[in-house]
Amino acid sequence: MPATPHNVIVIGSGPAGLTAAIYAARANLAPKVFEGFAAGGQLMNTTDVENYPGFAEGIMGPELMVQLRGQAERFGADLEQVDVTKVDFSARPFGVWVGDDEHRAETVIIATGATPRWLNLPGETRLRGFGVSSCATCDGFFFKDQEMVVVGGGDSAMEEALYLSRIASKVTVVHRRDAFRASQIMADRVLANDTIDVRWNAVVEDVVGQEKVSGVRVRDVKTDEVSEIPAAAMFVAIGHLPTSGLFAGQIELDDEGYIVADGSRTSVEGVFVAGDVQDKIYRQAITAAGSGCMAAIDAERWLEENRAETAPSGDAATAV
Ligand code: NAP
C-alpha cells in the first residue's frame, strides 16, 4: 500500500488530461498524470491545427501537445508515460494500478479519449493528414471549394457532410446500405441539401492519389461496379471508440461505452471525467481542454468540501 494518497490522479494526456493537470497543478494539488504509453491523444496524429484559439497562424498538432505538456510540468504536474492497467473505485482513496505498482488518490480525473474508427485501407492510411481525415471541422477548410467525400451513414457522417456543404463545391456521402442510421432530422437535412449527393449501397475500395487525395474508388455492393469519385478529401465518419474498457464495471458507461457524465461528474463521487471519452457530440481539442479545466475545478472543490477526510498529498507544487 503506497504511503500517501495523491490529491488527484489524471488518466490520459490529450488536451483534456493536460488541461486538467495544468489547473490541478496551479491549485497546488500536485497532480499525478498517467499519460498512457501513446501519450498526447489524437492531436499527435494531426498536422495543422487552425481552430485552436490563440494560434493565429495555426500550430502543428504534436507541437501543441508539447506546449501543453510543458505547461503542465512547469506548474508541478508529475507526468509518467505509462498505461494504467487497473482501477478500483469501490472505496476511497481510489486505487489506480500500473502493472503491480499501486497508487491511491482522493480524486481521479479520467481523460482517456476516444479513437476514430477507420476503414483500414492502404491509401487511407498513407494519405491520412493529406486529404484523409476524421474531422471535418478540423480539416474541411483546407479543401475549400473542392469536391469532398464523407463515408458513413450515422449522425456524425450527416454532421460532417452538412458542415462541409458550406465549404465544398460538392460533397458525396458514401454509405454501405440503402438507408441512413442517422436521426431522421439529420438525414432529411442531408437529403434536402443541393450540394450533397448520396452514393447508396457503396463501399470504399481505396483512396486514390500519390502525395494527396485525388479521388475515392467505390464499389456498388449490388452491381459490383467500381467507379472513382473525384475528391480532394475523404472524411471517414464511421464512429468512434471511447477508451473506457478500463472503467467497465467501475462507473456507469452508456451502451456505446461512453462515460455517463453530469458536467464532469461520473456515477462515482470523487471520480471526474473530461474530453472525448464522455463526448460524442463536439469532439474538438478546445472542448476537450475546456472540459479538462471543468473537471480540475470540480475535483478541487470536491476536495475542499471533503477536506476533513482528505489526507494531504506529498510536496505541494509551485505557487499559483
Ligand atoms: P454510428 O451511429 O455508429 O454510425 C456509424 C456509421 O458508419 C453507420 O452508418 C455505419 O453503417 C457506418 N459504418 C460503420 N462501420 C463501417 C465500415 N467499416 N464501412 C462503412 N461504413 C461503416 O456512429 P456516429 O455517427 O459517430 O454516432 C455515434 C453516436 O453519437 C450516435 O449515438 C449518434 O447519434 C451520436 N451523435 C450525435 C450527434 C448529435 O446529436 N449532433 C452527432 C454525432 C453523433 P451502418 O449504418 O450500415 O451500420
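How each quantity is defined
Residues numbered from 1 in each chain as written. Predicted model: local features only at pLDDT ≥ 70, side-chain atom pairs only at ≥ 80, totals over all residues. Heavy atoms only, no water. Core = buried A, V, L, I, M, F, W, Y, C linked by side-chain atoms within 4.5 Å. Buried < 20%, exposed > 50% of the residue type's maximum accessible area, 1.4 Å probe, protein only. Helix = DSSP H or I, 4+ residues; strand = E, 2+ residues; numbered from the N terminus. Contact = heavy atoms within 4.5 Å. Near = heavy atom within 4 Å. Polar contact = N/O pair within 3.5 Å; in protein donor to acceptor, adjacent residues only side chain to side chain. Areas by Shrake-Rupley, 256 points an atom, 1.4 Å probe, with all protein chains shown as cover. Nonpolar A, V, L, I, M, F, W, Y, C, P; charged D, E, K, R; others polar. Disulfide = S-S within 2.5 Å. Pairing = 2+ DSSP bridges. Axes fitted to C-alpha atoms, helices over the stretch in contact; angles between N-to-C directions. Left-handed = near helix turned anticlockwise from the far one by under 90°.

The subject of this paragraph is the nonpolar core. Residues Ala 77 and Ile 109 are the most contacted members of the largest nonpolar core, which totals 34 residues. When residues of this core are traced back to their parent elements, those giving at least two are strand S1 (6-11), helix H1 (15-26), helix H2 (61-74) and helix H7 (285-305). If you tally residues by element for this core, the top one is H7, at 8 residues. With sequence-adjacent residues up to four places away left out, Ile 109 is seen in contact with Val 8, Ile 9, Val 10, Ile 11, Ala 20, Phe 272, Ala 295, Ala 296 and Ala 299. With 23 residues, the next largest nonpolar core counts Val 150, Met 158, Ile 167 and Ala 182 among its residues.

The next subject is the site of the ligand. In the vicinity of the ligand, 19 residues are found, and the nearest of them are Asp 155, Ser 156, Glu 159, Arg 177 and Arg 181. Gly 153 has a polar backbone atom sitting 3.0 Å from an oxygen atom of the ligand. Starting from 910 Å² of accessible surface for the ligand in isolation, the protein chains cover 77%. Of the residues in the shell around the ligand, the class split is 4 nonpolar, 6 polar and 9 charged.

Secondary-structure assignment places Arg 104 in strand S8 (residues 101-110). We classify Arg 104 as buried; its relative accessible area is 14%. Within the structure, the side chain of Arg 104 is placed 3.0 Å from the side chain of Glu 102, a separation counted as a polar contact.

Attention now goes to the state of the cysteines. What the rule picks out here adds up to 1 disulfide. Bridging Cys 135 to Cys 138, the disulfide has an S-S length of 2.1 Å. Between Cys 135 and Cys 138, the S-S torsion sits near 70°, and that sign places the bridge as right-handed. Judged by relative accessible area, Cys 135 falls into the buried class, the value being 13%.

Quick look at the sheet that holds strand S12 (residues 170-174) now. The 5 strands are arranged S10-S17-S11-S12-S13 in an open sheet whose pairing can be described as parallel. Every other strand in the sheet has two partners, leaving strand S10 (132-133) and strand S13 (196-199) as the edge strands with one partner each. Sheet topology note: the S10/strand S17 (residues 233-236) ladder contains 2 bridges and is parallel. Residue pairing for S17: Val 132 is matched across the bridge by Met 234. Each of strand S11 (147-151), S12, S13 and S17 is contacted by helix H5 (residues 155-165), which is oriented at about 170° to S11, the strand it contacts most.

Contact geometry of H1 with H7 gives a least axis separation of 7 Å together with a crossing angle of 35°. In the packing of H1 onto H7, the handedness of the crossing is right-handed. Every residue of H7 that contacts H1 at Pro 15, Ala 16, Thr 19, Ala 20, Tyr 23 and Ala 24 is listed here: Ala 285, Ala 288, Ala 289, Gly 292, Cys 293, Ala 296 and Ile 297.

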